[in-house]
Amino acid sequence: KLPIIIDTPLSRLDSTHRDNIVNNYFPNAGEQVIILSTDTEIDKEYFRSLQPHLSGAASLEFDELQELSSFKSGYFWEK
C-alpha cells in the first residue's frame, strides 16, 4: 500500500468541513498517511481526536540565526 501525503489540508475550509475531514476522512484515509499541517490547522482538540489513529507527531522548527530547519519530535505545543 502506498503512503498518502496531505499538505495543509484544512487551510481553506470552514469549520464544518474541517470537522468532517478530521473526524471522517483522516482516520480512514489509509495505513500510511502523512499530514503536513500548520500550527493553526490541527489544534489541540483536533489532535486529541486524531491521536488514537497516530503513530507519531513531529514539527519542523526554523532557526533564523543558522537558517536551518530542525525536526523535533512532538506536535507544536509538545516541546
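Below, the structure is looked at part by part. (Residues numbered from 1 in each chain as written. Predicted model: local features only at pLDDT ≥ 70, side-chain atom pairs only at ≥ 80, totals over all residues. Heavy atoms only, no water.)

A closer look at the overall build of the protein chain
Counting its regular elements, the protein chain contains two helices and four strands. Listed by position from the N terminus, the elements making up the protein chain come as β-α-β-α-β-β. The buried share of the protein chain, taken over its 79 residues, is 20%. Taking the intrachain contacts of the protein chain between residues at least 6 apart in sequence as the baseline, contacts between residues at least 24 apart amount to 52%. Of the roughly 6,100 Å² of accessible surface on the protein chain, 50% is carried by carbon and sulfur atoms. When the 7 positive and 13 negative side-chain charges of the protein chain are each reduced to one mean point, those points stand 4 Å apart. (Helix = DSSP H or I, 4+ residues; strand = E, 2+ residues; numbered from the N terminus. Buried < 20%, exposed > 50% of the residue type's maximum accessible area, 1.4 Å probe, protein only. Contact = heavy atoms within 4.5 Å. Areas by Shrake-Rupley, 256 points an atom, 1.4 Å probe, with all protein chains shown as cover. Lys, Arg positive; Asp, Glu negative; His and termini not counted. Charge placed at Lys NZ, Arg CZ, Asp CG, Glu CD.)

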